[in-house]
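If you want the building blocks of each chain, they are given just below.
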Amino acid sequence: CNTSSQQILDSEGDVGWSSAIAITADGLPVISYFDNTRRDLKLALCADPRCDGFDLVTLDGQGQAGQHTSLAIGVDGRPVIAYYDKTRGDLKVAYCRDATCEAPVLSVVDGAGDVGWYTSMAIGQDGRAIIAYFDTTRRDLKVAHCRDPACTRARVSVLDTGGVGLGTAIVVPDDGLPVIAYWDFLNDDLKLARCLDPGCGSAELKVIDAAGSVGSNAAMALGADGNPVMSYHDHTNSTLKVAHCLDPACESVRISSPDAQGSVGWHTDITIGSDGLPIVSYYDETNGDLKLLHCGNPSCSTTLD
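Fair warning: this is a prediction, and the values are worked out from it, not measured in the lab.

Calculation rules
Residues numbered from 1 in each chain as written. Predicted model: local features only at pLDDT ≥ 70, side-chain atom pairs only at ≥ 80, totals over all residues. Heavy atoms only, no water. Pairing = 2+ DSSP bridges. Helix = DSSP H or I, 4+ residues; strand = E, 2+ residues; numbered from the N terminus. Axes fitted to C-alpha atoms, helices over the stretch in contact; angles between N-to-C directions. Core = buried A, V, L, I, M, F, W, Y, C linked by side-chain atoms within 4.5 Å. Buried < 20%, exposed > 50% of the residue type's maximum accessible area, 1.4 Å probe, protein only. 1 Å grid on protein atoms, 1.4 Å probe; cavity = no way out; pocket = protein on both sides within 12 Å on 5 of 7 lines; lining within 4 Å. Points joined across faces, edges and corners; volume = space filled by probe spheres on them. Nonpolar A, V, L, I, M, F, W, Y, C, P; charged D, E, K, R; others polar. Salt bridge = Lys/Arg side-chain N within 4 Å of Asp/Glu carboxyl O.

Attention now goes to the sheet that holds strand β15 (residues 189-195). What the 4 strands build is an open sheet, ordered β13-β14-β15-β16; its pairing is antiparallel. Strand pairing shows two members of the sheet lacking a second neighbour, β13 (164-171) and β16 (203-209), which therefore form its edges. Recorded for the sheet is a direction-independent mean angle of 25 degrees between the axes of neighbouring strands. Note: β15 against β16, 6 bridges, orientation antiparallel. Note on β16: the bridge partner recorded for Cys195 is Ala203.

See below:
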């Protein structure tokens, strides 16, 4: 971050809510977001890596649609966007037919009640999208496994029930079995669902951290060792926490608090740097700052692994 650039991509009204970003095989950023003025789902397609040139497309302008977006690039190179349609209370998917995405395929993936909050999406080993999300009506964690690139057909499964599923994050390890981190807000715990099949029809559930009120704002990435590593907020102590699974099934987990200076750790995201170590972005509530943590070891612990 020695040099950086900023671009205003859309300034027509109140825009940019609920954004998600992915990089195409050509190295070009693609950003989905919610236009709060028009209540639409929109997409920014960058023409170069710095996004000096770009196109803006309205994907869904039917009612109020486009909150809780997540974005992935399919095996065909086309963006796939999962999002919440507030007017209908549905989980929907927009699939780009071509590079312009001017005429996307819009599909209702789950319309059983008020569903589709806190979506997260990954591409499975079968090349199809897998979407984790919250069922507001039943207060459950659900997952949808798309059966085709546009997700016009999907298998929907309930993984955990009764006050769970806020702040989902999903990754697909090398074994092809998706892993979902989420907040159990009934018990204030960070939980993990490890799918028992590639389509996630069922899952093994486990509590990762139950020390106080923990688990909100969960984010997850696959470490250089291929195991999940999660960043999240500890509300009891107002700190940033990181949980590093020491095996693919997360039977053994190392938990650390790499930043406990003031009230920190809100709105986290995590990725793995070119050196193979986690990088965590998060909000410092005490100072009103955006902070970045470049971990010194795979678990972000204050002692060496």
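Here the narrative resumes.
Note that soluble globular proteins tend to have their nonpolar side chains buried in a common cluster. Within the largest apolar cluster, 17 residues are counted, with the highest numbers of intra-cluster contacts made by Leu91, Val93, Val109, Met121, Ile131 and Tyr133. When contributions to this core are tallied by element, the ones reaching two or more residues are β6 (79-85), β7 (90-95), β8 (105-110), β9 (115-123), β10 (129-135) and β11 (140-146). In terms of nonpolar packing, the next biggest core, distinct from the first, is built from 16 residues, Leu43, Leu59, Ala65 and Tyr83 among them.

Let us look at empty space enclosed by the protein. One water molecule sets the probe size; rolling that probe over the atoms shows where empty space is left. Summed over all chains, the structure comprises 1 cavity of 30 Å³ or more. Around the largest cavity sit Gly74, Val75, Asp76, Val80, Tyr95, Ile123, Gly127, Arg128, Ala129, Cys146, Asp148 and Pro149, which together line it. A class-by-class count of the residues in the lining of the largest cavity yields 7 nonpolar, 2 polar and 3 charged.

In this structure the tally under the stated criterion is 21 salt bridges. Note that Lys291 is salt-bridged to Asp284, the shortest N-O span being 3.8 Å. Residue classification places Asp284 among the buried residues on the basis of a relative accessible area of 2%. Here the salt bridges share partners, and the residues they tie into one network are Asp10, Glu12, Asp35, Arg38 and Lys42.

Our focus in this paragraph is the layout of surface pockets. By volume, the largest pocket is sized at about 1900 Å³. Taken together, 43 residues form the lining of the largest pocket, with Ser19, Ala20, Ile21, Ala219 and Asp269 sitting closest to its centre. Those elements giving two or more residues to the lining of the largest pocket turn out to be β1 (15-23), β5 (65-73), β9, β13, β17 (214-222), β21 (264-272), β22 (278-284) and β23 (289-294). Across the lining of the largest pocket, the residue classes tally to 25 nonpolar, 17 polar and 1 charged. Taken as a whole, the second largest pocket encloses approximately 320 Å³ of empty space. Around the second largest pocket, the lining comprises 16 residues; the ones closest to its centre are Thr24, Leu28, Leu45, Arg78 and Ala99. Looking at the lining of the second largest pocket residue by residue, the class counts come to 8 nonpolar, 3 polar and 5 charged.

Note that every value here comes from positions in space, so none of it alone points to a role or purpose.
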